[in-house]
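Architecture and fold: a report
The primary structure of each chain is shown beneath.
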Amino acid sequence: MTSGSDKYIVCGANSVSSVIEELKATRTLSDPQLLNILSTDKYDQELFSAADEVRRSVYGDRVFIRGLIEITNYCRNDCYYCGIRRSNEQAERYRLSADEIFSCCQEGYALGFRTFVLQGGEDAQCTDEFICGVTARLHDAFPDCAITLSLGERPESSYRAMYSSGARRYLLRHETADFAHYAKLHPSSMSLKNRMQCLSALKKIGFQTGDGFMTGAPFQTAHHIVKDIRFMQALSPDMIGIGPFIHHRATPFAHCPDGTLSLTLRLIAILRLMFPEALIPSTTALATLCPEGLILGLKAGANVVMPNLSPRTVRKKYELYENKAHGGMESAQELDALKEAVKEAGYKIVVDKGDRAGF
């Protein structure tokens, strides 16, 4: 995180303790209080403990698994931080067929997955007809499962068609809620206003809506992060995805420092206290930064993990950032190892589609 001219006053132990208790009780803090918590790791353990207590009060020790299927790495966009950006001529492009997607879900269902996440770039060939056909097929074949889509910005009519075909969740991170910062991360063809309108449309239609942002993104300050939090308080997302920025060699940010594990975990905990009922994943990006990242994310308040169900032949091709983890516990086929690690951490993976509490 770039501090720029930001100045912080670090709270004393008693003060921080009272601030965390206030956050836990009221689900919000003032901007100066949030800046204080973001500025230091001295009291992280107290923050993580409070977050874990709150997530257990809502979800117990349950951890929900989602089967992630990366259906295409074609993308019309040219985001400066993304490895599958349109301008990356080094990317080996692919698209999964409807049958390949269905086969992934068949395997996932047998393994115990009850949510499938279809994720991809903004691919012109992922038409409403194709996506809705796939979604309807999955909905008919696996009626006890939830279908989540993460396919970027689309017209409201497209989102409505997807909802009608059986999709009930949609993930679309706003990435940064500051317009000037957004312009530093994206080409002029992209608009934060449109991203926010898409999120509003998804909520209006009735999707369980997922939002989130990068931590440690180039040019990011703590004030940007506070603005992100305020945006999410207004949106009230059902799912919150917080992941560290990790550079990719074929982007303009190839030489920028990566986001940190510590700040990402701190924000997971803060957001758990602000949004007790939210579904918060411990992301692949955390596991990429640190082998223990996935488990540390759970201990900081996360309650979802998303092992990869994509065909093994394409997993390396969906490279949003450098050295993206896709083996070991990040692989759906290694679910037993993941279950054991989660159990050792004090939680348990359940066979459940895992709706947000109270949805």
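An account of the accompanying structure is given in this report. (Residues numbered from 1 in each chain as written. Predicted model: local features only at pLDDT ≥ 70, side-chain atom pairs only at ≥ 80, totals over all residues. Heavy atoms only, no water.)

1. Focus: the pairing of strand β3 (residues 115-120)
Residues in a regular strand point their side chains to alternate faces of the sheet. Among the 6 residues in β3, 6 count as buried, and that is most of the element. Across the two faces of β3 the burial is the same, with Thr115, Val117 and Gln119 and Phe116, Leu118 and Gly120 all buried. Note: strand β2 (residues 67-72) against β3, 5 bridges, orientation parallel. Across the sheet, residue Leu68 finds its bridge partner in β3, namely Val117. Read as a crossover between parallel neighbours, the route from β2 over helix α4 (residues 98-111) to β3 is right-handed. Direction of pairing for β3 relative to strand β4 (residues 146-150): parallel, over a ladder of 5 bridges. (Buried < 20%, exposed > 50% of the residue type's maximum accessible area, 1.4 Å probe, protein only. Helix = DSSP H or I, 4+ residues; strand = E, 2+ residues; numbered from the N terminus. Pairing = 2+ DSSP bridges. Right-handed = clockwise from strand over helix to strand, strands pointing away.)

2. A short note on the sheet that holds β3
With respect to topology, 6 strands assemble into an open sheet ordered β2-β3-β4-β5-β6-β7, the strand pairing being parallel. Since the sheet does not close on itself, it has two edges, and those belong to β2 and β7 (239-244), each with one partner. Across this sheet, the average inter-strand angle for adjacent strands is 20°, counted without regard to direction. The pairing of strand β5 (residues 169-171) with strand β6 (residues 208-215) spans 3 bridges and is classified as parallel. (Axes fitted to C-alpha atoms, helices over the stretch in contact; angles between N-to-C directions.)

3. Focus: the layout of surface pockets
Approximately 160 Å³ is the volume attributed to the largest pocket. Along the walls of the largest pocket sit 13 residues, with Cys145, Ala146, Arg168, Lys353 and Asp355 positioned nearest its centre. Its residues placed into classes, the lining of the largest pocket shows 6 nonpolar, 4 polar and 3 charged. (1 Å grid on protein atoms, 1.4 Å probe; cavity = no way out; pocket = protein on both sides within 12 Å on 5 of 7 lines; lining within 4 Å. Points joined across faces, edges and corners; volume = space filled by probe spheres on them. Nonpolar A, V, L, I, M, F, W, Y, C, P; charged D, E, K, R; others polar.)

4. Considering the environment of Leu286
Inspection of the secondary structure assignment puts Leu286 in helix α11 (residues 284-289). Separated by 231 residues in the primary sequence, Leu286 and Arg55 have C-alpha atoms spaced 19 Å apart. The residues contacting Leu286, other than those within four sequence positions of it, are Pro244, Leu261, Thr264, Leu265, Ile268, Gly293 and Gly297. (Contact = heavy atoms within 4.5 Å.)

5. A look at helix α2 (residues 31-38)
Taking burial as the measure, the 8 residues of α2 include 6 buried ones, the bulk of the element. For α2, every residue scored as buried is listed here: Gln33, Leu34, Leu35, Asn36, Ile37 and Leu38.

6. Considerations on α4
Owing to its 3.6 residues per turn, the α-helix brings residues three or four apart onto one side. With 14 residues, α4 ought to run about 20 Å at 1.5 Å a step, and its terminal C-alpha atoms sit 20 Å apart, in line with that. For α4, the full list of buried residues reads Ile101, Phe102, Cys104, Cys105 and Gly108. Within α4, the buried residues cover an arc of 155° as seen down the axis, which keeps them to one side. Facing away from the buried side of α4 by over 90 degrees, the exposed positions are Asp99 and Ala110. Where α4 is buried, its residues contact β2, β3 and α5 (128-141). (Expected span 1.5 Å × (residues − 1). Arc of directions from axis to C-beta.)

7. Describing the sheet that holds strand β8 (residues 304-305)
Reading across the sheet, the 3 strands line up as β8-β1-β9 and stay open at both edges, with parallel pairing between neighbours. Each end of this open sheet is capped by a strand with a single partner; those strands are β8 and β9 (348-350). Against the sheet, helix α13 (residues 335-344) makes contact with β1 (62-65), β8 and β9, and its axis sits at roughly 135° relative to β9, the strand it touches most.

8. Considering the packing of aromatic side chains
What the rule picks out here adds up to 10 aromatic pairs. Ring centres 6.5 Å apart and planes at 80° place the aromatic pair Phe245 and Phe253 in the edge-to-face group. In this structure, Phe245 and Phe253 share a single accessibility class: buried. By way of ring pairs, the aromatic residues Tyr80, Phe219, Phe245 and Phe253 are connected into one cluster. Seen from the ring of Tyr109, Arg114 lies directly overhead, with NZ or CZ sitting 3.6 Å from the centre. Looking at Arg168, its charged tip hangs above the ring of Tyr163, at a distance of 3.8 Å from the centre. (Phe/Tyr/Trp six-rings, centres within 6.5 Å; stacked < 30°, edge-to-face > 60°. Lys NZ or Arg CZ within 6 Å of the ring centre and 35° of its normal.)

9. Some words on the pattern of salt bridges
Taken as a whole and judged by the stated rule, the model has 23 salt bridges. Residue Asp44 is joined to Arg266 by a salt bridge in which the shortest nitrogen-to-oxygen separation is 2.8 Å. Of this pair, Asp44 sits in helix α3 (residues 44-59) while Arg266 sits in helix α10 (residues 261-274), placing them 222 residues apart in sequence. We note that Asp44, like Arg266, is buried. Ionic contacts of the salt-bridge type, sharing partners, join the residues Asp78, Arg85 and Arg86 into one network. (Salt bridge = Lys/Arg side-chain N within 4 Å of Asp/Glu carboxyl O.)

10. Some thoughts on unusual backbone geometry
Across residues other than glycine, the phi torsion is negative in most instances, and most of the peptide bonds are trans. Phi is positive for Phe219, which is not a glycine, with a value near 70°. If you trace the backbone, Phe219 turns up in the loop between β6 and α9 (222-235). Residue Phe219 is classed as partly exposed on the basis of its relative accessible area, which comes to 41%. At Asn323, a position not held by glycine, the phi torsion is positive, near 60°. When you line up the elements, Asn323 lands in the loop between β8 and α13. The exposed category is assigned to Asn323, whose relative accessible area is 61%.

What is shown is where atoms sit, not what they do.
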